[in-house]
Amino acid sequence: MNNHDKYSKVIEALKSNKPVLSGKEKLTDDIMRRIKVSEEKPVFQEKLGNYLFGWADHGWIRGAMAAAAALFIGIFITQQIIITNRINNLENQLIRTVNTINGRKPDLGIMHKVFLNMVARDQIKEDSITISTSDLEELLNSYLELQENYEDLQKSFGLEPYIQDMIKRSMEDNTNDNKSKLNL
Amino acid sequence: MDTVNLIRSCINRDEAAFRTLIDRYSDFAFSVAFRIMNDEEESNDIVQESFITVWHKIGSFNPEKKFTNWLYRIVVNKCYDALRKRKRMQLIYPDTNSWNAQGLISESNPERKLDNEEIGKIIRMLTFKLSTKQKIVFILSELEGLSHDDIAEITGMAKTIIKSNLNHARRKIGEMIKKYI
């Protein structure tokens, strides 16, 4: 027997064998009893539901509510789009402002800078500075040169004390001369 | 009393007429519910709930229309709900060892009568891999012998969807028959 024949036989067997309802009388009685109970005493929830949402049975109210809901959804979506665009614009403006401040353009007036600092206070990290590599190298060189000169000076003072005395005396003489001139 | 007059009496809240209506159609409702649910207790509950719905909504039914299609729709909807609930709670796996599928197509005893339990097991086994929609379309079309127009009216599905569901169901059931019978 091929598959198709088997399929037909199985379907035929199931079709001809209908499920049998046992206890038909009891089932009918149960249904009638439940109907009577529900007729006599409407359930509280049903009553409340009818009171609160009974208006939904009117077709025109349902239609109007659906239209209003659609309108509100439309308005909401439009609003969201507008608000998102505005937020994006403001963010872009703020980014431009912060970039301008960080760039420290020389042509900005002091009041302008103060105003921008007030607007974008949160966007700037305190105690931070931007410096180029060449500036940094120049700064380091200056520092090293200064340190070298200082050491030279210290060395010369330390090794030849008579020079120190000479300078001291000369400075004192100059001071005295100035005093006498003033007295005259 | 014919069905149209019976329904008119029910619309006028005649309880005796409704009792007659239940007597006349409860076997039919149970048969559909059982073929879908494959469980006697659940099918009984569905029949009860369905007739209570009929009593409450019969005012909106046009007596000139086919009552069985309307009853089918109510029963099928209740079955849908029950299957959804069952799906959430547990998945019943069919027991392939406990049913004698060969006997179903045996040449020696073609007139053998099946009881509810056997019918339930066979349908559960064959339709185990089907979705709810496929199962319902298969039962209404193949076992209840309804036309695609009637199934469309009962389930609210488009005819093309009914056809595709039925094809899927036939293919899967064919595979199950090949495997087990």
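Residues numbered from 1 in each chain as written. Chains lettered and ligands numbered in written order. Predicted model: local features only at pLDDT ≥ 70, side-chain atom pairs only at ≥ 80, totals over all residues. Heavy atoms only, no water.

### What to know about the overall build of chain B
From N to C terminus, chain B includes 8 helices and 0 strands. Starting at the N terminus and ending at the C terminus, chain B contains elements arranged as α-α-α-α-α-α-α-α. Here the contacts in chain B between residues at least 6 apart in sequence split such that 66% fall between residues at least 24 apart. (Helix = DSSP H or I, 4+ residues; strand = E, 2+ residues; numbered from the N terminus. Contact = heavy atoms within 4.5 Å.)

### Re the interface of chain B and chain A
With 42 residues of chain B at the contact, the number on the chain A side is 30 residues. At the boundary of chain B with chain A, total buried surface from both sides reaches about 3,500 Å², with 59% on carbon and sulfur atoms. Between the two partners, chain B and chain A, sit 4 salt bridges. With its nearest N and O atoms 3.9 Å apart, the salt bridge here joins K36 of chain A to E15 of chain B. Run the count over chain B and chain A and you get 9 residue pairs in polar contact (both at pLDDT 80 or more). For the side of chain B that touches chain A, the elements supplying multiple residues, two or more each, are helix 2 (15-37), helix 3 (40-57), helix 5 (116-126), helix 6 (132-143) and helix 8 (159-180) of chain B. (Buried area = accessible area lost by both parts, 1.4 Å probe. Salt bridge = Lys/Arg side-chain N within 4 Å of Asp/Glu carboxyl O. Polar contact = N/O pair within 3.5 Å; in protein donor to acceptor, adjacent residues only side chain to side chain.)

### What to know about the packing of helix 1 (residues 3-11) of chain B against helix 2 of chain B
Between two packed helices, the angle of one axis relative to the other and the distance separating the axes together describe the packing. Residues and elements named next belong to chain B. At their nearest, the axes of helix 1 and helix 2 sit 8 Å apart, and the two run at 135 degrees to each other. As judged from the angle between their axes, helix 1 and helix 2 are oblique. You can see that helix 1 and helix 2 cross each other, and the crossing is left-handed. Of the residues in helix 2, those in contact with T3, L6, I7, S9 and C10 of helix 1 are A17, F18, T20, L21, R24 and Y25. When its residues are assigned to classes, the contact of helix 1 with helix 2 shows 7 nonpolar, 3 polar and 1 charged. (Axes fitted to C-alpha atoms, helices over the stretch in contact; angles between N-to-C directions. Parallel < 35°, antiparallel > 145°, perpendicular 65-115°, else oblique. Left-handed = near helix turned anticlockwise from the far one by under 90°. Nonpolar A, V, L, I, M, F, W, Y, C, P; charged D, E, K, R; others polar.)

### So, the confidence of the model for chain B
With 86% of its residues at a pLDDT of 70 or more, chain B shows a mean pLDDT of 86. The ipTM value of the predicted complex is 0.82, and its pTM value is 0.59. (pLDDT = per-residue confidence, 0-100.)

### Quick look at the environment of N44 of chain B
Relative to the helices and strands, N44 of chain B resides in helix 3. Each C-alpha atom, one on N44 of chain B and one on F34 of chain B, is 8.4 Å from the other, the two residues being 10 residues apart in sequence. The residues contacting N44 of chain B, other than those within four sequence positions of it, are L21 and L27 of chain A together with F30 of chain B.

### Here we look at helix 5 of chain B
For helix 5 of chain B, the set of buried residues is N116, I119, G120, I122, I123, M125 and L126 of chain B. Packing partners of the buried residues in helix 5 of chain B comprise helix 1 (3-16) of chain A together with helix 2, helix 3, helix 6 and helix 8 of chain B. (Buried < 20%, exposed > 50% of the residue type's maximum accessible area, 1.4 Å probe, protein only.)

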